[in-house]
Amino acid sequence: VDFYAAVTNLRPYAKPIAPGLALQMLYEQKEKYFDAALVEAFIRVLGTYPTGSLVELSSGEVAVVCSQDPHFHLKPKVVLLAGPNKQLYDAFPMASLAAYRYGPAEEPVRIVKSIPDGSYGLHVDNIHL
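For clarity, every value in this text was computed on a predicted model and none was experimentally measured. (Residues numbered from 1 in each chain as written. Predicted model: local features only at pLDDT ≥ 70, side-chain atom pairs only at ≥ 80, totals over all residues. Heavy atoms only, no water.)

Engineer: So what exactly am I meant to see when it comes to the pattern of salt bridges here?
Structural biologist: A side chain of one charge can pair with a side chain of the opposite charge if their charged atoms are brought near each other. Throughout the structure, instances matching the rule amount to two salt bridges. Here K30 and E40 are joined by a salt bridge, their closest N and O atoms 2.6 Å apart. Residue K30 is located in the loop between α2 (19-28) and α3 (36-46), and its partner E40 is located in helix α3; the two are separated by ten residues in the primary sequence. For the salt bridge of K86 with E56, the shortest nitrogen-to-oxygen distance reads 3.3 Å. Taken together, the residues K86 in the loop between β3 (77-82) and β4 (94-96) and E56 in strand β1 (residues 54-57) connect sequence positions 30 residues apart. E56 sits in the buried class, given a relative accessible area of 12%. (Salt bridge = Lys/Arg side-chain N within 4 Å of Asp/Glu carboxyl O. Helix = DSSP H or I, 4+ residues; strand = E, 2+ residues; numbered from the N terminus. Buried < 20%, exposed > 50% of the residue type's maximum accessible area, 1.4 Å probe, protein only.)

Structure representation (structure tokens):
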């Protein structure tokens, strides 16, 4: 928990990293620096994409994770913030990635990557939903 909190928050000597990347780093260091069972439990509690994570979707949209779906660990519920052109939406709709489709072909949407807060000028703390 201390490691995760330290690397995901602003420090005088380093910028914060994306929550998803922090979990990946934690996972890669299990058994070396951290108890493997505790790391696994911590990741299960937070989810693969922790609530509050800024993510880029396969549609090109940018979203923030707002809740986990216990049946679909890689498909949380998100609030859509910006379109593929990275311009803010006028309204911020919520979408469950388990059912969300995008574009004329109605392609299923997935998370492509977790991105650091501040990417594309988006700061999670400054967005009023």
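Engineer: Would you mind going over the nonpolar core with me for this structure?
Structural biologist: Side chains of nonpolar character tend, in soluble globular proteins, to be buried together. By size, the foremost hydrophobic cluster in this structure holds twelve residues: Y49, V55, L57, A63, V65, V78, L80, A95, L97, Y100, V109 and I111. Those elements that provide at least two residues to this core are β1, β2 (62-67) and β3. Apart from the residues lying within four places of it in its own chain, the contact partners of L57 are A63, L80, L97, V109, R110, I111 and V112. (Core = buried A, V, L, I, M, F, W, Y, C linked by side-chain atoms within 4.5 Å. Contact = heavy atoms within 4.5 Å.)

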